[in-house]
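# Observations on chain architecture
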Amino acid sequence: MTTPSVAVIGAGFGGLAAVIELKKLGYDDIVVFEKGNDVGGVWRENTYPGAACDVPSPFYSFSFEPNPRWPRRFSQQPAILQYMRDVADKYDVRSHIRFNTEVDGAAYVDADRKWEITLSTGEVVRADVLVSAVGQLSRPAFAPIPGREKFQGVEMHSALWKHDVDLTGKRVGVIGTGASAIQFIPEVQKEAAHLTVFQRSAPYVIPRPDTEFSNLHHRVFTLLPATQLVERGTWYGVVEALSIAWVYSKPLAAVVKAWSKRHMKSQTKAKPGLFDKVWPDYPIGCKRILFSSDYLPALAQPNVDLVTDRISEITEKGIRTADGVEHEFDVLIWGTGFKATEFLAPMTITGVGGHKLEDAWQSGAHAYYGMTVPDFPNLVIMYGPNTNTGGGSIIYFLEAQAHYLGKLVQNMAERGGPLAVRADVERKFDEKIQGLLGGSVWSQCTSWYRQSDGRITNNWPLLGYEYKAQAKFNPADYEVVNS
Ligand SMILES: Cc1cc2nc3c(=O)[nH]c(=O)nc-3n(C[C@H](O)[C@H](O)[C@H](O)COP(=O)(O)OP(=O)(O)OC[C@H]3O[C@@H](n4cnc5c(N)ncnc54)[C@H](O)[C@@H]3O)c2cc1C
């Protein structure tokens, strides 16, 4: 086979990792389709006030591209986006990217064993290998509450922040208390005349050991790169310890729970009754545990109300709760997350013999180590099903996947034809993963990791280290597809 051509969809951390790995291996016939106007993915899209990573930057970054100049330990969105732009420039990724170009779908053409990719402009492009790097959190979700169209004030989603809306002196309502909401609520509280937060399910909160990295830090990190490795290694250890707590050790989970309780109690002291409202009623670890030292103090401010009554409808003036009370707002903010279980949607992906990916995934998305699907040769999915982590860094997983992609492309070139994962191999893997997840902490509450029928499609059931160690490309798992 001649040098394979590769088409990548998406230029977030996943797309960058894929392109950089392939370029390092000497492949250059690569095109990236990105519907946005820049690299960055979620870090281009999520510009809400307070947006930051919740895994410390030294670990939430590429291992091969440490950054001695992170402004903070938990860097904010502009710094993360700038890091991604710099990495894209350094590895000459931009010259491969077609920005403002959305992929509508892709079909594997049996006759010439290539992928035919259809762009929203109607243009069709062909490639040997198709890499989906569209992420799990790039399509905002609005909770299905009746009456949304009736609201007469301004509304926005955290991922579609309207920066021209001045919140000063306004009555603001926030729906949701997840990872994004707990970052923007402290910022909104400072500006709003009154803030009402609607909570369906409370998160466990632990302290956020954030710190500004001074010039001295930057100098030390630059002159002694080992110090960066120590910082990265420490945080890797901390987040893996959290995973150990959820996966293997109830006593360790109990320690984290006690730590969280102490933190949450002390941060809610100022407002009687607040702790009882914010203390979760499900096992710790079932939803992502959140690092924050300013969310609960914001809720304790006199201009904030936390409402735990169920929302029954959106009205012209605001929100009516199940107790019949109508809460009135000028601005309504949806902190309701993303359509996380709808992998690769809304693209139509068609494999061998016209098989549709959505049919293969009718009862939920599944893929071999989250990356490959039988009957879909030379399709590799980054951050695919069951590769999310409840506490670690997604970038760590993406690097393992990029490495796997490189091995697959090399093996495909050697064997002279498209590679599809064997159906029995993928089935056995999925049974193992679902078996582990069935007895896991994530099966004990509803969360964005699960479909409405309870199947857990998003999370990896073990430690990050175990993913990296197990997701090694084995040629025997794959068969060459002949037309
Ligand atoms: C606010 C926020 C904070 C987060 N914080 C953390 C954190 O602290 N730690 C952590 O590990 N993870 C965090 N995450 C998870 C985050 O999704 C991953 O860490 C990582 O950024 C995923 O990268 P990605 O490239 O897979 O996907 P994305 O960043 O979602 O990028 C996907 C790209 O694909 C493009 N795209 C999608 N569909 C198409 C199409 N049809 N055609 C063309 N282009 C398309 C999108 O425009 C986007 O640029 C956070 C997520 C959010 C939303």
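All residue numbers refer to position in the chain's written sequence, counted from 1. Selection of residues for local features in this predicted model requires a pLDDT of at least 70, selection of side-chain atom pairs for listing and counting requires 80 or more, and totals for whole chains, interfaces and linings are taken over all residues. In computing side-chain properties, one takes all heavy atoms of the structure into account and sets aside hydrogens as well as water.

## Concerning the environment of Tyr369
Structurally, Tyr369 is set in the loop between helix H10 (357-360) and strand S19 (379-381). Residues Tyr369 and Tyr467 lie 98 residues apart in sequence; the distance between their C-alpha atoms is 8.0 Å. Contacts between residues were defined by any pair of non-hydrogen atoms, one from each residue, lying within 4.5 Å. Ignoring anything within four residues of it in the chain, the contact list for Tyr369 reads Thr387, Phe429, Trp460, Tyr467, Gln470 and Ala471. A run of H or I in DSSP becomes a helix once it reaches four residues, and a run of E becomes a strand once it reaches two; helices and strands are each numbered from the N terminus.

## A closer look at the site of the ligand
Residues are labelled near a given molecule or strand when at least one of their non-hydrogen atoms is within 4 Å of it. Lining the immediate surroundings of the ligand are 34 residues, of which Gly14, Glu34, Asp54, Tyr60 and Ile394 lie closest. Here an oxygen atom of the ligand sits 3.0 Å away from a polar atom, N or O, in the side chain of Arg44. Between N or O atoms, a polar contact is any pair within 3.5 Å; within protein, one atom must be a potential hydrogen donor and the other a potential acceptor, and residues adjacent in sequence are included only when both atoms are from side chains. Contacts to the ligand include Val103, whose backbone N or O atom sits 2.9 Å from a nitrogen atom. The protein chains shown are the only cover counted for residues, whose accessible areas, like all others here, come from Shrake-Rupley with a 1.4 Å probe. Notes on the ligand: free accessible area 990 Å², of which the protein chains cover 96%. Take the shell around the ligand: its biggest share by element is four residues, from helix H2 (residues 42-45).

## Let's talk about the side chain of Asp430
In this fold, Asp430 is placed in helix H12 (residues 423-438). Residue class for Asp430 comes out buried when judged on its relative accessible area of 14%. With sequence-adjacent residues up to four places away left out, Asp430 is seen in contact with His366 and Arg455. Burial classes: relative accessible area under 20% of the type maximum marks a residue as buried, over 50% as exposed, and values in between as partly exposed (1.4 Å probe, protein chains only).

## Some points on the state of the cysteines
A covalent bond between the sulfur atoms of two cysteines is referred to as a disulfide. Two cysteine sulfurs form what is called a disulfide whenever their separation falls within 2.5 Å. Taken as a whole and assessed by the stated rule, the structure comprises one disulfide. Disulfide pairing places Cys286 opposite Cys445 at an S-S distance of 1.9 Å. Disulfide Cys286-Cys445: the torsion about the S-S bond is -105 degrees, which places it as left-handed. Taken together, the residues Cys286 in the loop between helix H8 (274-278) and strand S12 (290-291) and Cys445 in the loop between H12 and helix H13 (464-470) connect sequence positions 159 residues apart.

## With respect to the domain arrangement of the chain
For each domain, the first and last residues come from an automatic or database assignment. Each assigned domain of the chain is listed with its residue range as follows: domain 1 (6-39 + 93-139 + 339-480) and domain 2 (148-333). Placing the centre of domain 1 and that of domain 2 at their C-alpha centroids yields a distance of 31 Å. Listed as interface residues are 18 residues of domain 1 and, on the opposing side, 16 residues of domain 2. A quick way to say it: buried area is the sum, across both parts, of accessible area lost when two parts are put together, with a 1.4 Å probe. Here domain 1 and domain 2 share an interface that buries about 1,500 Å² over both sides, 58% of which is from carbon and sulfur atoms. Looking at the side of domain 1 facing domain 2, the largest losses of area belong to Gly391, Val441 and Leu463, adding up to 32% of the total buried there. Whenever Lys or Arg places a side-chain nitrogen within 4 Å of a carboxyl oxygen from Asp or Glu, that contact is recorded as a salt bridge. Inspection of the region where domain 1 meets domain 2 yields zero salt bridges. At the junction of domain 1 with domain 2, the criterion picks out eight residue pairs in polar contact (both at pLDDT 80 or more). Among the elements that take part in the side of domain 1 that touches domain 2, H13 stands out by supplying three residues, more than any other. Among the residues making up the side of domain 1 that touches domain 2, the classes are represented as nine nonpolar, eight polar and one charged. Put simply, Ala, Val, Leu, Ile, Met, Phe, Trp, Tyr, Cys and Pro go in the nonpolar bin, Asp, Glu, Lys and Arg in the charged bin, and everything else, Gly too, in the polar bin.

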